[in-house]
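Letter by letter, the chains look like this.
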Amino acid sequence: MQWRRILAVTVVLPWLGLTLGATHARANDLPADTLNAELTVKNAEKARLEKAIAANPTDTALRFQLGAVLCDLGADGDEAAADEALKLFEELHKEEPKDAEVLAFYGNACTIQAKFSFILTKLSWAHDGFNYLDTAIKEAPDDVTVRVIRALNSAQVPDFLDREQIAREDFAWIMKRVTDRPQDFTQELLRSIYYYAGKFALAHNDSKAVELLTEAAAIPSSKDDTLTPKIDNYLKTARAKFPATPTKNP
């Protein structure tokens, strides 16, 4: 749905954490104040959405936004938020079974649930989530929101789950879309995409990380920005690792 796509890319997607327990080794541990500031913003948004939903309990757009924020809090380690996200997107999927964006977020919620599940069910949760994400792409291959969700999810799960190639293909699709249809992307979304793509490249020893993270750093930030310290952190590491790499925006 077009209204949801606009909503998601301007508000929700830059906050996706999408972890599954053991992830790629970090380039650097992020400062505690950076992480705390990010959690403060996320929890404030959660509280705002819960208040809005209390006044409008049937508003699907608000419930969708809340589910995405809960996913991100779950990825940060909040088990209760992860449980709420899974329940909410399961409900939304039952209500709108043909909605690819809902299905993609439901898949994402399943992979986050794997982080907290019993060891014998972790892989089951993860693979269920991947199946939902892949099905969403099949149903809506040109949907920017769906493609971004799968790209960020696949980029940040452990390598043994064999999602690296999926992440590469999705990031390539997204970058082509940025060139062909820049109007599909807000500055906030672009900044987030370049950050996650650069972080993924750095984790896989790809010198393109410098260019991608430099692009992210060049895009103006929003008022309540918490991404800048993370971009700066990984860009510093990338430049140290690939000192001779040319950039478009030095």
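See the structure shown above.
Thresholds applied
- Residues numbered from 1 in each chain as written.
- Predicted model: local features only at pLDDT ≥ 70, side-chain atom pairs only at ≥ 80, totals over all residues.
- Heavy atoms only, no water.
- Helix = DSSP H or I, 4+ residues; strand = E, 2+ residues; numbered from the N terminus.
- Buried < 20%, exposed > 50% of the residue type's maximum accessible area, 1.4 Å probe, protein only.
- Contact = heavy atoms within 4.5 Å.
- Expected span 1.5 Å × (residues − 1).
- Polar contact = N/O pair within 3.5 Å; in protein donor to acceptor, adjacent residues only side chain to side chain.
- Salt bridge = Lys/Arg side-chain N within 4 Å of Asp/Glu carboxyl O.
- Disulfide = S-S within 2.5 Å.
- Axes fitted to C-alpha atoms, helices over the stretch in contact; angles between N-to-C directions.
- Left-handed = near helix turned anticlockwise from the far one by under 90°.
- Nonpolar A, V, L, I, M, F, W, Y, C, P; charged D, E, K, R; others polar.
- Phe/Tyr/Trp six-rings, centres within 6.5 Å; stacked < 30°, edge-to-face > 60°.
- Lys NZ or Arg CZ within 6 Å of the ring centre and 35° of its normal.

Engineer: Help me understand the overall build of the chain in this model?
Structural biologist: Assigned secondary structure in the chain consists of 11 helices and zero strands. Scanning the chain from its N terminus toward the C terminus, one meets helices and strands in the order α-α-α-α-α-α-α-α-α-α-α. Taking all 250 residues of the chain together, 52% fall into the buried category. Taking as baseline every contact in the chain between residues at least 6 positions apart, the subset at least 24 positions apart corresponds to 69%.

Engineer: Help me understand helix α5 (residues 100-114), please; the structure alone is not making it clear to me.
Structural biologist: Every α-helix carries 3.6 residues per turn, so stepping three or four residues along brings you back to the same face. Along its 15 residues, α5 runs 21 Å from first to last C-alpha, staying within 8% of the 21 Å computed at 1.5 Å per residue. Capping of α5 at its N-terminal end is provided by D99; its side-chain oxygen lies 3.0 Å from the backbone amide nitrogen of E101.

Engineer: So what exactly am I meant to see when it comes to the pattern of salt bridges here?
Structural biologist: Once their charged atoms are close, side chains differing in charge can pair, the charge on each being opposite to the other. Enumeration over the complete set of coordinates arrives at 17 salt bridges. The partner of K42 in a salt bridge is E38, and the shortest N-O contact between them spans 4.0 Å. With K42 and E38 both in helix α2 (residues 32-55) and four residues apart, this pair spans about one turn of that helix. The same class applies to K42 and to E38, which are both buried. Each of E38, K42, D72, D76 and K230 takes part in a single network of salt bridges with overlapping partners.

Engineer: Could you clarify how one ought to interpret unusual backbone geometry in this entry?
Structural biologist: Glycine aside, negative phi is the norm for most residues, and most peptide bonds take the trans geometry. The backbone of D162 sits at a positive phi, close to 60°, despite the residue not being glycine. Here D162 lies in the loop between α7 (144-156) and α8 (164-180). Under the relative-accessibility criterion, D162 is labelled exposed at 64%. Positive phi, normally seen in glycine, also occurs at N205, with a value near 55°. Locating N205 in the fold gives a position in the loop between α9 (187-203) and α10 (208-218).

Engineer: Hey, could you run me through the environment of E50 in this one?
Structural biologist: Here E50 shows up in helix α2. Along the chain, E50 and L62 lie 12 residues apart, while their C-alpha atoms are 8.5 Å from each other. Every residue in contact with E50, bar those within four places of it in the chain, is listed here: L66 and E84.

Engineer: Explain the state of the cysteines here, please?
Structural biologist: Two cysteines, two sulfur atoms, one covalent bond between them: this is a disulfide. Per the stated rule, a full pass over the model turns up zero disulfides. Between C71, a free cysteine, and C110, which holds the nearest cysteine sulfur, the sulfur-to-sulfur gap is 9.1 Å. A relative accessible area of 1% places C71 in the buried class. Taking relative accessible area as the criterion, C110 reaches 2% and is therefore assigned buried.

Engineer: How should I be thinking about the packing of α9 against helix α11 (residues 228-241) in this particular structure?
Structural biologist: Pairs of packed helices are described in terms of their axes, by the angle between the two and the distance that separates them. At a minimum axis distance of 10 Å, the contact between α9 and α11 shows a crossing angle of 35°. Crossing hand, α9 versus α11: left-handed. On the side of α9, the interface is formed by R191, Y195, K199 and L202, while α11 contributes T228, K230, I231, Y234, T237, A238 and K241. Residue composition of the contact of α9 with α11, by class: five nonpolar, two polar and four charged.

Engineer: Whenever I open this one, helix α4 (residues 79-95) confuses me. Can you help?
Structural biologist: The first and last C-alpha atoms of α4 sit 25 Å apart over 17 residues, in line with the 24 Å expected at 1.5 Å per residue. Three or more residues of α4 are buried, namely A81, A82, A85, L86, L88, F89, L92 and H93. Tucked inside the fold, the buried residues of α4 contact α3 (60-75), α5 and α6 (122-139).

Engineer: When you look at the packing of aromatic side chains in this model, what are you seeing that I'm missing?
Structural biologist: Aromatic rings in a pair are described by how distant their centres are and how their planes are angled relative to each other. Under the criterion given, the structure shown has seven aromatic pairs. Note on F64 and F105: the rings are 5.1 Å apart at their centroids and 80° apart in plane angle, and the pair reads as edge-to-face. One end of the pair, F64, is in helix α3; the other, F105, is in helix α5, and 41 residues separate them in sequence. Of the two residues, F64 and F105, both sit in the buried class. An angle of 15° between the planes, with centres 4.8 Å apart, marks the rings of Y106 and Y132 as stacked. Highlighted residues: Y106 in helix α5 and Y132 in helix α6, separated in sequence by 26 residues. On the accessibility criterion, Y106 (9% relative accessible area) is buried. Within the aromatic cluster, the residues linked to one another by ring pairs are F64, F89 and F105. Here the basic side chain of R147 rests over the ring of W173, its NZ or CZ set 4.6 Å away from the ring centre.

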